[in-house]
Amino acid sequence: MSHSAYGTLARQYPGRLFIVEGIDGSGKSTQLTLLAEWLRGLGYPVVFSEWNSSPVVKATTSRGKRRKLLTPLTFSLIHATDFSDRVEREIVPSLKAGAIVLADRYVYTAFARDVVRGLDPGWVRSLYRFAPVPSRAFYFRVPLEVALRRILSARPKLKWYEAGMDLGLHSSAAESYRIFQSRILVEYEKLVGEYGLAVMDATKAVEIQQSAMRAAIRPHLTSLRKEAKSLEHV
Amino acid sequence: MSTFEPHGVPIPGIEPETLSGWLVVIEGTDGVGRTSHIDRLRTRLERLGYAVAETGLSRSDLASRGIRRAKQGNTLGSNAFNLFYATDFADRLERQIIPALRAGFVMLTDRYTYSLIARAIVRGADPEWIKTVYAVAPKPDAVYYLRIEVSDLVPRVLSQGGFDYWESGMDLPMGEDLYESFIEYQGRVIRELDQLAGEYDFEVLDATRPVDSLADDLALRVSRMLEARARSTEGPVLAP
């Protein structure tokens, strides 16, 4: 089964797409925010896109989660619906307009989670055939214990699906979360080779990671248009 | 490119061999008379002693509200709409269809993945992609396709209250007004269903025949199919 299916229905656009992936507590969102600041400072138009944020689909996802209606299959499909809506209404139009789109989590989150939930890896990849392939994708590699410490110390109440409780891994949410995250890590590691994700050492200092990220992105910025200066400067 | 056998992708937690019921699908475009034929068929099958359950499109607990809201504002992109329908279908599949099949029911399904695939293709979806999305659906025991031409469909729709916005594909739109769009849209849906009929081995029935004779024909075909595909025939039922 070929995994190249993902992206085959997407076109090339003038903008750039940079995405970050990693388990909760890997520090990827912090790095993406810092990257956005830098890019804006350089004068590029920047658009943020977050996982699971389509306004129309969100109500259904929330309801499904709150009432525990979601199975691995419907969990997968509702997230693909949400993502598809964001691709059509946010990501692709911004890329067409020549913007830099920064996505906090991308298709790889689904590839990892849905497969851990027992879905066929090839099928999940095919679901996302419409997704544009990023100019650069960063994977924040972090030891499980480090990520768990960051998350469990800050956020005591784990949500049902977040902890993978739907899989019946353990009766304790914290323990279930630990097992679930460890399985997701295994899937992420497979994706690194399969899709050539750039691996970041997420145990390094924030500013060191950030400068590595900027260095990796800089070559992708050549010939990219900056924002028009405001009228008074013209 | 990754390709799948139609109906070939496993669903976590569902073992196909535990499904002892029958999945019977009635396909056909909007206004062809599926609902009344399903009503009659249900009565006939219950008289024969079969336990019958029914389901149709967009009736899921999870997603039907969200879909209704999205339609009202016409606010979702076409791919997202296709996947929303797939979510809705999957929810019904796992909550209604699979449990009924596990319990040995005849599951009468008012349209299945095929109508969803046809509608998606007409709205511009890549045919291989949308078929792959629905490859998780179990293969029905039989699909009965109530086939009609658009020209025969128009008088029926008029007598049933006129042209519906969505059934006329006005979200695309395909013509200057509801009538023109209806003709074009339904024509395309029928062409796609015809295509799928060959690909997935539908039994095709001429829906322009008199209702009673069509109902008889359908009931006969279904009851023969149920006998031919009878489950668990070994051993006495009543303890001696």
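Residues numbered from 1 in each chain as written. Chains lettered and ligands numbered in written order. Predicted model: local features only at pLDDT ≥ 70, side-chain atom pairs only at ≥ 80, totals over all residues.

**Student:** Is there a simple way to think about the overall build of chain A in this case?
**Tutor:** Broken down by element type, chain A carries eight helices and five strands. Helices (α) and strands (β) of chain A occur, in sequence order from the N terminus, as β-α-β-α-α-β-α-α-β-α-α-β-α. Computed over its C-alpha atoms, the radius of gyration of chain A comes to 18 Å, within 12% of the 17 Å expected for a compact globule of 234 residues. The burial tally for chain A puts 43% of its 234 residues in the buried class. Intrachain contacts of chain A at a sequence separation of at least 6 include 79% that bridge at least 24 residues. (Helix = DSSP H or I, 4+ residues; strand = E, 2+ residues; numbered from the N terminus. Rg over C-alpha atoms; globule rule 2.2 N^0.38 Å. Buried ≥ 20, exposed ≤ 12 C-beta atoms within 10 Å, placed from the backbone. Contact = placed C-beta atoms within 7 Å.)

**Student:** Would you mind going over the overall build of chain B with me for this structure?
**Tutor:** For chain B, the count of helices and strands is eight helices and five strands. Mapped in sequence order, the helices and strands of chain B form the string β-α-β-α-α-β-α-α-β-α-α-β-α. The C-alpha atoms of chain B give 18 Å as radius of gyration, which agrees with the globular expectation for 240 residues (18 Å, within 12%). Dimensions of chain B, computed from C-alpha atoms along their principal axes, come out at roughly 70 × 45 × 35 Å. In chain B, the share of contacts with a sequence separation of at least 24, taken over all contacts with a separation of at least 6, comes to 80%.

**Student:** Help me out: how do you make sense of the nonpolar core in this one?
**Tutor:** Here is a general trend for soluble globular proteins: nonpolar side chains tend to be buried in one another's company. The biggest cluster of nonpolar side chains holds 128 residues, and the ones touching the most others in it are Val24, Phe84, Met107, Ile117 and Tyr134 of chain B. Per element, the largest residue contribution to this core is 13 residues, and it comes from helix 3 (residues 78–102) of chain B. (Core = buried A, V, L, I, M, F, W, Y, C linked by C-beta atoms within 7 Å.)

**Student:** Whenever I open this one, the sheet that holds strand 4 (residues 142–147) of chain B confuses me. Can you help?
**Tutor:** Strands in a sheet are paired, the pairing made by backbone hydrogen bonds, and the direction either parallel or antiparallel. Residues and elements named next belong to chain B. Strands sit in the order 2-3-1-4-5 across an open sheet of five strands; the sheet is parallel. Each edge of the sheet is formed by a strand with only one pairing partner; in this case those strands are strand 2 (52–56) and strand 5 (203–206). Across the sheet, the axes of successive neighbouring strands diverge by a mean angle of 20 degrees, strand direction being ignored. With five bridges joining them, strand 2 and strand 3 (residues 106–110) adopt parallel strand pairing. (Pairing = 2+ DSSP bridges. Axes fitted to C-alpha atoms, helices over the stretch in contact; angles between N-to-C directions.)

**Student:** Where do I start with the sheet that holds strand 3 (residues 100–104) of chain A in this structure?
**Tutor:** Residues and elements named next belong to chain A. In space, the five strands of this open sheet follow the order 2-3-1-4-5, with parallel pairing throughout. Both outer strands of the open sheet, strand 2 (46–50) and strand 5 (198–201), are each paired with one neighbouring strand and no more. For this sheet the average axis-to-axis angle between neighbouring strands, irrespective of direction, equals 20 degrees. Taken together, the five bridges between strand 1 (residues 16–21) and strand 3 define a ladder with parallel strand orientation.

**Student:** Even after reading the chapter, I still don't get the interface of chain A and chain B, so can you show me in this structure?
**Tutor:** For interface size, the figure often reported is the accessible area lost on association. Taken together, the 34 residues of chain A in the interface contact 30 residues of chain B. Where the side of chain A that touches chain B is concerned, the elements lending two or more residues are helix 2 (55–66), helix 3 (72–96) and helix 5 (121–127) of chain A. It is helix 3 of chain A that provides the largest number of residues to the side of chain A that touches chain B, a total of 11 residues. Looking at the side of chain A that touches chain B, its residues break down into 16 nonpolar, 11 polar and seven charged. (Nonpolar A, V, L, I, M, F, W, Y, C, P; charged D, E, K, R; others polar.)

**Student:** Before we go on, may I ask you to explain the environment of Leu218 of chain B in this structure?
**Tutor:** Looking at the secondary structure, you find Leu218 of chain B in helix 8 (residues 211–228). Sequence-distant contacts of Leu218 of chain B, defined by excluding residues within four places in its chain, comprise His37, Leu41, Tyr144 and Leu205 of chain B.

**Student:** Please clarify how the environment of Val142 of chain A should be interpreted in this entry.
**Tutor:** Residue and element names in this part refer to chain A. On the secondary structure map, Val142 appears in the loop between strand 4 (136–141) and helix 6 (144–154). Its 22 C-beta neighbours within 10 Å are what place Val142 among the buried residues. Sequence-wise, Val142 and Leu35 are 107 residues apart; in three dimensions their C-alpha atoms are separated by 19 Å.

**Student:** Teacher, can you tell me more about the environment of Ala135 of chain B here?
**Tutor:** Relative to the elements of secondary structure, Ala135 of chain B occurs in the loop between helix 5 (127–133) and strand 4. The exposure class assigned to Ala135 of chain B is buried, which follows from the 20 C-beta atoms found within 10 Å.

**Student:** Where do I start with the packing of helix 3 of chain A against helix 3 of chain B in this structure?
**Tutor:** Any two packed helices are characterised by the angle at which their axes cross and by the distance between the axes. Their axes nearest at 8 Å, the elements helix 3 of chain A and helix 3 of chain B cross at an angle of 170 degrees. Regarding the angle of helix 3 of chain A to helix 3 of chain B, the classification is roughly antiparallel. On the side of helix 3 of chain A, the interface is formed by Leu73, Thr74, Leu77, Ile78, Ala80, Thr81, Ser84, Asp85 and Glu88 of chain A, while helix 3 of chain B contributes Asn79, Ala80, Leu83, Phe84, Ala86, Thr87, Ala90, Asp91 and Glu94 of chain B. When grouped by side-chain class, the residues that make up the contact of helix 3 of chain A with helix 3 of chain B number nine nonpolar, five polar and four charged. (Parallel < 35°, antiparallel > 145°, perpendicular 65-115°, else oblique.)

**Student:** Hey, could you run me through the confidence of the model for chain B in this one?
**Tutor:** In low-pLDDT regions, the fine details of the predicted coordinates are not to be read closely. Considering every residue of chain B, the mean pLDDT works out to 88; 93% of them sit at 70 or more. The ipTM assigned to the predicted complex is 0.88, against a pTM of 0.89. (pLDDT = per-residue confidence, 0-100.)

**Student:** When you look at the packing of helix 4 (residues 113–122) of chain B against helix 7 (residues 178–199) of chain B in this model, what are you seeing that I'm missing?
**Tutor:** Residue and element names in this part refer to chain B. Helix 7 packs onto helix 4 with a crossing angle of 125 degrees between their chain directions and a minimal axis gap of 9 Å. Between helix 4 and helix 7, the interaxial angle falls into the category oblique. In the crossing of helix 4 with helix 7, the sense of the turn from one axis to the other is right-handed. Here helix 4 contributes Tyr114, Ile117, Ala118, Arg119, Ile121 and Val122 to the contact with helix 7, which in turn contributes Tyr185, Arg188, Val189, Glu192, Leu193 and Leu196. Its residues placed into classes, the contact of helix 4 with helix 7 shows nine nonpolar, no polar and three charged. (Left-handed = near helix turned anticlockwise from the far one by under 90°.)

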